[in-house]
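Reading the structure
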Amino acid sequence: YWDKLNLTIWENFESFLKSVDINRCFFATTKSKTPYFKKKFKKGDYLIFGSETKGIDKQILNKYKSQCITIPVKEEGRSLNLAVSVGIILYEAIRQNFKEFI
């Protein structure tokens with residue numbers, strides 16, 4: 001499926017931020033109280049996930065608090081792995097924008 005992908009690679013995160021509308025970026029983190037399903041996703045939004053072991057840098061999360069989202073889990077539960085988290089949030093974004101496919 002690589003031939004169907006319009007791949008863009010930025011030199012670093014700062015270059016990425018300069019080239020996009022920051023209001024269209026959503027940062028997935030366990031350090032937010034805003035559930036992902038409370039946000040309205042639009043076609044062309046960016047869903048940003050950190051590494052499974054470190055997450056997204058705290059400076060970024062603090063700077064863009066209003067765009068931080070989380071997958072609610074019970075306190076006694078474990079956090080989800082990265083692939084599962086991406087699938088959950090991505091599916092919600094698709095559900096909101098492509099209702100004819102669901």
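Above this text sits the structure in question.
Notes on the structure in this doc start here. (Residues numbered from 1 in each chain as written. Predicted model: local features only at pLDDT ≥ 70, side-chain atom pairs only at ≥ 80, totals over all residues. Heavy atoms only, no water.)

A few words now on the sheet that holds strand S2 (residues 46–49). Taken together, 3 strands build an open sheet; the order of strands is S2-S1-S3 and the sheet is parallel. Since the sheet does not close on itself, it has two edges, and those belong to S2 and strand S3 (68–69), each with one partner. Direction of pairing for strand S1 (residues 25–28) relative to S3: parallel, over a ladder of 2 bridges. By the bridge assignment, phenylalanine 27 is partnered in S3 with cysteine 68. Sitting on the sheet, helix H3 (residues 82–97) is in contact with S1, S2 and S3, with an inclination near 165° to S2. (Pairing = 2+ DSSP bridges. Helix = DSSP H or I, 4+ residues; strand = E, 2+ residues; numbered from the N terminus. Contact = heavy atoms within 4.5 Å. Axes fitted to C-alpha atoms, helices over the stretch in contact; angles between N-to-C directions.)

So, about the pattern of salt bridges. Within the structure shown, the criterion is met by 3 salt bridges. Aspartate 45 is paired through a salt bridge with arginine 24; the nearest N and O atoms lie 3.0 Å apart. Note that aspartate 45 is positioned in the loop between S1 and S2 and arginine 24 in the loop between helix H1 (13–19) and S1, a separation of 21 residues in sequence. Accessibility expressed as a relative area gives 18% for aspartate 45, which makes it buried. The partner of arginine 95 in a salt bridge is glutamate 92, with the nearest N and O atoms 2.7 Å apart. Separated by 3 residues within a single helix, arginine 95 and glutamate 92 lie in helix H3, roughly one turn from each other. (Salt bridge = Lys/Arg side-chain N within 4 Å of Asp/Glu carboxyl O. Buried < 20%, exposed > 50% of the residue type's maximum accessible area, 1.4 Å probe, protein only.)

Note on aromatic pairs: each is described by the distance of the centres and the angle between the planes. Overall, the coordinates contain 6 aromatic pairs when judged by the stated rule. An angle of 80° between the planes, with centres 5.2 Å apart, marks the rings of phenylalanine 16 and tyrosine 46 as edge-to-face. Placement of phenylalanine 16 in helix H1 and of tyrosine 46 in strand S2 is noted, with a sequence separation of 30 residues between them. Judged by relative accessible area, which is 8%, phenylalanine 16 ranks as buried. Ring geometry for tyrosine 36 against phenylalanine 37: centres 5.2 Å apart, planes inclined by 80°, an arrangement best described as edge-to-face. What makes tyrosine 36 buried here is its relative accessible area of 14%. When its relative accessible area of 40% is taken as the criterion, phenylalanine 37 is described as partly exposed. Taken together, Trp10, Phe13, Phe16 and Tyr46 form an aromatic cluster joined through their ring pairs. (Phe/Tyr/Trp six-rings, centres within 6.5 Å; stacked < 30°, edge-to-face > 60°.)

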